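Architecture and fold: a report
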Amino acid sequence: MRRCLLVALLTVSGLTAATLRVPVGGDLAAAVTQARSLPRPVTIELADGTHYLPATLRLGPRDSGLTFAAAPGAHPVLSGGRLVSGWQVRDGVWETTLPDVAAGAWRPRQLFVGGQRATVCRTPNEGFFRVAGYDEAQPKRAFTFNAGELDAWPDLGAATLVVLHSWETSVMPIASVDPAKRHVVLGGDCVWNFGYWNSPQRWYVEGVAAAFDAPGEWHLDEPTGRLRYRPLPGHSPESTPVVAANLTELVSLSGDQRLGLPVTDVRFTGLTFAHGDWLLPPAGHSDPQAVCTEGGNISLRGAIGCSFDDCRFVHLGSYAVALRAGSRACRVERCEFADVGAGAVRIGETYVSREPELRCEGHVVDNCWVHDYGRVFAGGVGIWLAQAGDCRISHNDIHDGWYTGISVGWDWGRAPTASHGNQILDNHIHHIVNGRLSDAGGIYTLGELDGGRLAGNVIHDLFAFTEPDYSWGIYLDSESHGLTVEDNTVWAVEDGLMLHNGAYNNIVRRNTFAQAADYLIWRSPAC
């Protein structure tokens, strides 16, 4: 069936401005192609409704100066998913077939029903199993379990085993299960040994048909493409929309600073970005901290002066926005981030670039609402600055994540970093960690942070899992130095201020720490 044709209306004012209007079902990529032939500024205006992207929208230097905006009064959604239809109801369970899955061309990892994230079938349905014993020969890959928790299911190859470490999670395929010996071997190594900082380890299994037993769960049989959903009360296949995630990257802005070809001044305003997926590598996913190997469902590299304002980022599988190498002076303002797989915004890389053109710096994240993050990777950070400098993170409301609210820096020693001059100002961070992970901070820092400032932040209601049972309102970890910490208010937390693992040469003044369950201020012997 032919896609709807682009409806484009050129509106000229003083021969300097043009507007291209894209209806639902129109071809957004064609509108971008047409805009390239027009003088700037050009606005691409999206009509109300959901615009399903057939492929990643890729923008480069020749797209500089474009604005992507909602039509007046409209609330358009750019979706990386596919609408699922053709449901049959058998014994109260919805069923349909996805031919592209059966053909090996598609493997959705998230399903959204009635505008909410559905649960991949899992066991146990609530809570976690605990590791029964450790395999010294394979301390990062194998363990023993208690009777009845795992079996050599016929669809074991479709299963993932999710492990909760103290401050991270691993999502791993299962290589083998021996029910008699109660021994499981994963398809790759976790970064951390089982039992490290958390014993006995918590874990659960997703994706096997045997676990498809609770309302709100879904199951996908990859060989046949059969998708099943066990509905919640009030759901009906006739009136409840179902979207399966498809694209792992909805929008990509990519310039090359080394060639002097950045992408500049691209603006997104009034749009919703939704239904981005995530990928599971063959050997699984396991990170040391902050879900550091995950990028963004919207990514910017070599981008200067680009912006997102008054946008929403919902139902995503990774970090929502990633400002990567060579990006400078981009702004994310007045945006909402909800139900995201890792965190809201990732800024920078985990290495210091030797090429100045590839530095990541000068970004602003201001007045945003970040909530319900870490829905796939519990170790995701609300807003994460790695090797990035001269950024301002201000006036954001961050809550209901499983780990840290804002993290700054990426070095566990005294080596030079790019994390200088960052300003973390007037943020409200509350009701995070929430008993899921541990060793977290409302604001967490690492390494050399010269010229950085944490000021005016309000932090409360942080409580960790019981093993280890600590989290900190402000956590200056591992050689954190060069910071000024002032005029912050921290209360109703497990612990107030942590100076840990050699943190030194910081100014801490005029802060209020109150109502801590354990320590108001704790300084490790190494400091």
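Examining the nonpolar core
In this structure, Ile44, Phe68, Phe268, Phe273, Phe313 and Phe337 are the most contacted members of the largest nonpolar core, which totals 108 residues. With 6 residues, the single largest contributor to this core is strand β47 (residues 472-486). Ranked by size, the runner-up nonpolar core spans 24 residues in total, among them Phe145, Trp153, Val177 and Trp203.

So, the pairing of strand β29 (residues 296-301)
Burial analysis of β29 places 5 of its 6 residues in the buried class, which makes it a mostly covered element. Of the strand pairs in this sheet, strand β24 (residues 251-254) and β29 are connected by 4 bridges, and their pairing is parallel. When the bridges of β29 are listed, Ser252 appears paired with Ser299. Examined bridge by bridge, β29 and strand β33 (residues 319-323) share 4 bridges and lie parallel to one another. Looking at β33, one finds that Gly296 is bridged to Tyr319.

Here we look at the packing of aromatic side chains
Counting across every chain of the model gives 29 aromatic pairs. Between Phe308 and Phe313, the ring centres sit 5.8 Å apart and the planes meet at 65°, which makes this aromatic pair edge-to-face. There is no split in this pair, since Phe308 and Phe313 are both buried. Their ring planes at 5° and their centres at 4.6 Å tell us that Phe313 and Phe337 sit as a pair that is stacked.

Thoughts on the sheet that holds strand β10 (residues 111-113)
Taken in spatial order, the 4 strands of this open sheet run β7-β23-β10-β11, and their pairing is antiparallel. What marks the edges here is a single partner per strand, and that holds for β7 (81-83) and β11 (116-117).

Regarding helix α1 (residues 28-35)
For α1, the set of buried residues is Leu28, Ala31, Val32 and Ala35. For α1, the angular spread of the buried residues around the axis is 100°, confining them to a single face. If you follow the buried residues of α1, they end up packed against β1 (18-22), β2 (42-46), β4 (57-59), β5 (66-70) and β6 (77-79). Sitting at the amino-terminal end of α1 is Asp27, which places a side-chain oxygen 3.2 Å from the backbone nitrogen of Ala29.

Overview of the side chain of Glu149
The residue Glu149 is located in the loop between β16 (142-144) and β17 (160-164) in this model. Of the polar contacts made by the side chain of Glu149, one reaches the backbone nitrogen of Asn146; its length is 3.0 Å. Residues within four places of Glu149 in sequence aside, it is in contact with Phe129, Arg130 and Trp203.

Examining the environment of Ile429
Mapped onto the elements of the fold, Ile429 is located in strand β44 (residues 428-432). The buried category is assigned to Ile429, whose relative accessible area is 0%. Separated by 23 residues in the primary sequence, Ile429 and Ile406 place their C-alpha atoms 8.4 Å from one another. The residues contacting Ile429, other than those within four sequence positions of it, are Ile398, Gly405, Ile406, Gly442, Ile443, Val458, Ile459, His460 and Leu462.

Focus: unusual backbone geometry
Cis geometry is found at the peptide bond from Arg40 to Pro41, where omega equals 0°. Residue placement: Pro41 occurs in the loop between α1 and β2. Here Glu467 and Pro468 are connected by a cis peptide whose omega angle stands at -10°. Within the element layout of this structure, Pro468 appears in the loop between β46 (458-462) and β47. Phi is positive for Asn501, which is not a glycine, with a value near 50°. With respect to the helices and strands, the residue Asn501 is situated in the loop between β49 (495-499) and β50 (507-509). Under the relative-accessibility criterion, Asn501 is labelled partly exposed at 35%.

The rules behind each value
- Residues numbered from 1 in each chain as written.
- Predicted model: local features only at pLDDT ≥ 70, side-chain atom pairs only at ≥ 80, totals over all residues.
- Heavy atoms only, no water.
- Core = buried A, V, L, I, M, F, W, Y, C linked by side-chain atoms within 4.5 Å.
- Buried < 20%, exposed > 50% of the residue type's maximum accessible area, 1.4 Å probe, protein only.
- Helix = DSSP H or I, 4+ residues; strand = E, 2+ residues; numbered from the N terminus.
- Pairing = 2+ DSSP bridges.
- Phe/Tyr/Trp six-rings, centres within 6.5 Å; stacked < 30°, edge-to-face > 60°.
- Arc of directions from axis to C-beta.
- Contact = heavy atoms within 4.5 Å.
- Polar contact = N/O pair within 3.5 Å; in protein donor to acceptor, adjacent residues only side chain to side chain.

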